Structure formats: structure tokens, C-alpha cells
Amino acid sequence: MKSLHVLPVKVSSMAELDERVRREAPHADLLEIWLDSLRDLRLAEIFFLKEEVKKPFLFVNRAPFEGGNFMGTSVQRVAPLIEALERGADWVDVPIQTESTLIKKVMAVKKAMASKSHKSPKQKPKIILSYHNFKGTPSLPELKKIVQDAKKKGADLVKIATFAESMDDNVTLFELTKWAKRKRIPLCTNAMGPKGEISRVICPLLGSALYYAPLTEAHRTAPGQMTKAELRAVWSRLKIAKL
């Protein structure tokens, strides 16, 4: 399966969002919209924009523990994601640490929207359950358990992003990615931080379903994130053209 390019869009105003999305959408498979960074969030306008650019949107509303700015309760954090699903979101990302009752509510809304949709199964709304760890990389057995728990909770795709303190941490994610591929569990993996850059090159080649890459260094949303051009340059040198 081809790894899809996710273009992160983290801006503080609707005007900036409109400008970035219109300019950058042609260069991405999927646009990640950070709702928590928008001071003047108007969700309806984002969906008008989505219709114009004709690209799938992935909505996130990140709390500080996952690298975001949202300071409200879990219920308040999930509410815009549920609204996004009700408006026709292609993807939403919910942290796996979210209370089970709220995850079940998100899954129920997704199911309801899918039942109303005339789109093909591949085009119906999907839920990412994500795990972010900015302090280190848990052991392979621990990460496998997180992935399995997310799958049991109904995730269409599981995202694992950990901080690399050594090359061994990258290897752990490589092994996790290969294991998930064998198990046919859709998984996105990457290691954060300077020592995790190699994971952003290798994980998509091993089966990571998504890779996150801005078009410029100024628009990075995670430590160690490489630009699309940087990744393409490395893959080109390796004579890899499928991504």
C-alpha cells in the first residue's frame, strides 16, 4: 500500500488557514488541520474551503500532552472533532488516552455518518487513534499492546509517534511497523527528535500508512519533522520512487 503524504497545517487564524490550504493542497494527499491553534475557529468555513480544494482533511484538536494548545476538558476537546465528522470530515485523530466513553461516542458518530454516506467504503469517514510520547520510546511489547488496544476500540488506523533517544528507538518502530503489516493493522509510525529523522525516511518504506511532512522548515509541527522535499531527495538517492 502506498504511504499517503499528510501535510500539517497549524496556523493561528482562519485567514492564514485559507491561504496555506489553497497554496499547499495540490502538493499533498491529505491535509492535517490543527483546530486547537486557531484563535478564530469557524468550522463551517473550513468545510467550504475543503469543497473548493477537493482534498481530504484530517482534523486534530491537540492537548498539550500531544503537542497541542487546547486547554479545555476532554469533552470540550472532542466536541469539535465530532462536529467535524457530522459535517463530513474524511479523518479525525483522537488520542488513545481519551476516556473510553468519549472514544465510543466518536465511533458511534462515525458509524452513523458512514451509514448515511453514498461514498465507497474507502471514502467513508475514518478514525485515527493516536499515541504521542515526547519523553521516549516504550518497549516493543508495550507498543504492540497500545496498537492492539486502539484496534479493539475501533480505530481505522493507529498512529504511534515517540521520541527517539537512540538509534535503537528507531529500530523498535521499524519492528512495530513490520509487525503491524504482517497483522494487517493499518499503522502510522514515526520517531520524533533529531535522532528520529531516519524513521521518517524508513517507516513509510516498511509499511507506515501515512507520513507527515510540511513543505517548508518553518511549518514543522513536531521535532525532527522533515520537509517533503528533504524526504523526496533521500528516497531519490535510494532510487525509491513509489512514495
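Remember, predicted model here, so these are calculated numbers, not experimental data.

Asker: Help me get a handle on the environment of alanine 84, residues and values and all.
Answerer: Mapped onto the secondary structure, alanine 84 falls in helix H3 (residues 74-87). Through-space distance from the C-alpha of alanine 84 to that of alanine 44 is 8.8 Å; in sequence the pair is 40 residues apart. In this view, alanine 84 contacts Leu43, Phe47, Phe59, Ala89 and Val92; residues no more than four positions away in its chain are not counted.

Asker: So what's going on with the nonpolar core? Which residues, and what values?
Answerer: Core analysis: the largest hydrophobic core is formed by 54 residues, its most contacted members being Leu17, Val21, Ile33, Ile46, Phe59, Val92 and Ile160. If we ignore the near neighbours within four places in the chain, the residues touching isoleucine 160 are Tyr131, Leu143, Ile146, Val147, Leu173, Leu176, Leu187, Cys188, Thr189 and Asn190. Counting residues in each nonpolar core, the second largest holds 10 residues, with Val6, Leu30, Trp91 and Cys188 among its members.

Asker: Residue-level account of the packing of aromatic side chains, with values.
Answerer: Tallied over the entire structure, the rule returns three aromatic pairs. Seen from their ring centres, phenylalanine 47 and phenylalanine 59 are 5.2 Å apart, and the 15° between their planes marks the pair as stacked. A residue pair is termed long-range when its members are at least 10 positions apart, and phenylalanine 47 in helix H2 (residues 43-53) and phenylalanine 59 in strand S3 (residues 57-60) qualify at 12 residues. Judged by relative accessible area, which is 9%, phenylalanine 47 ranks as buried. Its end group placed over the ring of tryptophan 34, arginine 62 keeps NZ or CZ at 5.4 Å from the ring centre. When the ring centre of tryptophan 91 is taken as origin, the NZ or CZ atom of lysine 126, which lies over that ring, is 5.8 Å away.

The rules behind the values
- Residues numbered from 1 in each chain as written.
- Predicted model: local features only at pLDDT ≥ 70, side-chain atom pairs only at ≥ 80, totals over all residues.
- Heavy atoms only, no water.
- Helix = DSSP H or I, 4+ residues; strand = E, 2+ residues; numbered from the N terminus.
- Contact = heavy atoms within 4.5 Å.
- Core = buried A, V, L, I, M, F, W, Y, C linked by side-chain atoms within 4.5 Å.
- Buried < 20%, exposed > 50% of the residue type's maximum accessible area, 1.4 Å probe, protein only.
- Phe/Tyr/Trp six-rings, centres within 6.5 Å; stacked < 30°, edge-to-face > 60°.
- Lys NZ or Arg CZ within 6 Å of the ring centre and 35° of its normal.

Purely spatial values, then, with no claim about function.
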